[in-house]
Amino acid sequence: MTTVLTPASPLTAADRCDRCGAQAYLRVLLSSGGELLFCAHHGRKFEPELKKVAAEIQDETERLTSDSASRTEEER
């Protein structure tokens, strides 16, 4: 997904996917105003449609792999 880096505040565990309620890793700022939040799964699923209506996409899905890697190292 194309990422636009903005000074927007980072997503937290309190930010939930508008589709399923899982933790959100994508914030989509709509061209028409407003925003949508998505988990990584739904962000990928709706990517083509989101790109058509998004003014910006804040993608923090890299945290999924970096957090997993950190936990694995800590467990060793």
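Above: the structure in question.
As the structure is a prediction and not an experimental result, all values here were calculated from the model. (Residues numbered from 1 in each chain as written. Predicted model: local features only at pLDDT ≥ 70, side-chain atom pairs only at ≥ 80, totals over all residues. Heavy atoms only, no water.)

It is worth spelling out the nonpolar core at this point. In this structure, Cys17, Leu26, Val28, Leu30, Phe38, Cys39, Leu50, Ala54 and Ile57 together form the largest nonpolar core, which totals nine residues. Mapped by element, the contributors of at least two residues to this core are strand 1 (26-30) and strand 3 (54-59). At three residues, strand 1 tops the list of elements feeding residues into this core. With residues up to four places along the chain from it excluded, the contact list for phenylalanine 38 reads Cys17, Arg19, Ala24, Tyr25, Leu26, Val28, Gly43, Phe46 and Leu50. (Core = buried A, V, L, I, M, F, W, Y, C linked by side-chain atoms within 4.5 Å. Buried < 20%, exposed > 50% of the residue type's maximum accessible area, 1.4 Å probe, protein only. Helix = DSSP H or I, 4+ residues; strand = E, 2+ residues; numbered from the N terminus. Contact = heavy atoms within 4.5 Å.)

Spatial strand order, 2-1-3: three strands in an open sheet with antiparallel pairing. With partners counted over all chains shown, the strands left at the sheet margins are strand 2 (35-38) and strand 3, one partner each. Shown here is a sheet whose adjacent strand axes are inclined to one another by a mean of 15 degrees, direction ignored. Here strand 1 runs beside strand 2; their pairing, made up of four bridges, is antiparallel. (Pairing = 2+ DSSP bridges. Axes fitted to C-alpha atoms, helices over the stretch in contact; angles between N-to-C directions.)

Moving on, we get to the pattern of salt bridges. Taken as a whole and judged by the stated rule, the model has three salt bridges. Here glutamate 35 and arginine 27 are joined by a salt bridge, their closest N and O atoms 3.3 Å apart. Using a relative accessible area of 40% as the deciding quantity, one classes glutamate 35 as partly exposed. What makes arginine 27 buried here is its relative accessible area of 8%. (Salt bridge = Lys/Arg side-chain N within 4 Å of Asp/Glu carboxyl O.)

So, on to the packing of aromatic side chains. Under the definition given, this model contains one aromatic pair. Measuring from centroid to centroid gives 6.0 Å for phenylalanine 38 and phenylalanine 46, while their planes differ by 50 degrees, and the two rings are tilted. For phenylalanine 38, a relative accessible area of 7% puts it in the buried group. Here phenylalanine 46 falls in the partly exposed class, since its relative accessible area comes to 22%. (Phe/Tyr/Trp six-rings, centres within 6.5 Å; stacked < 30°, edge-to-face > 60°.)

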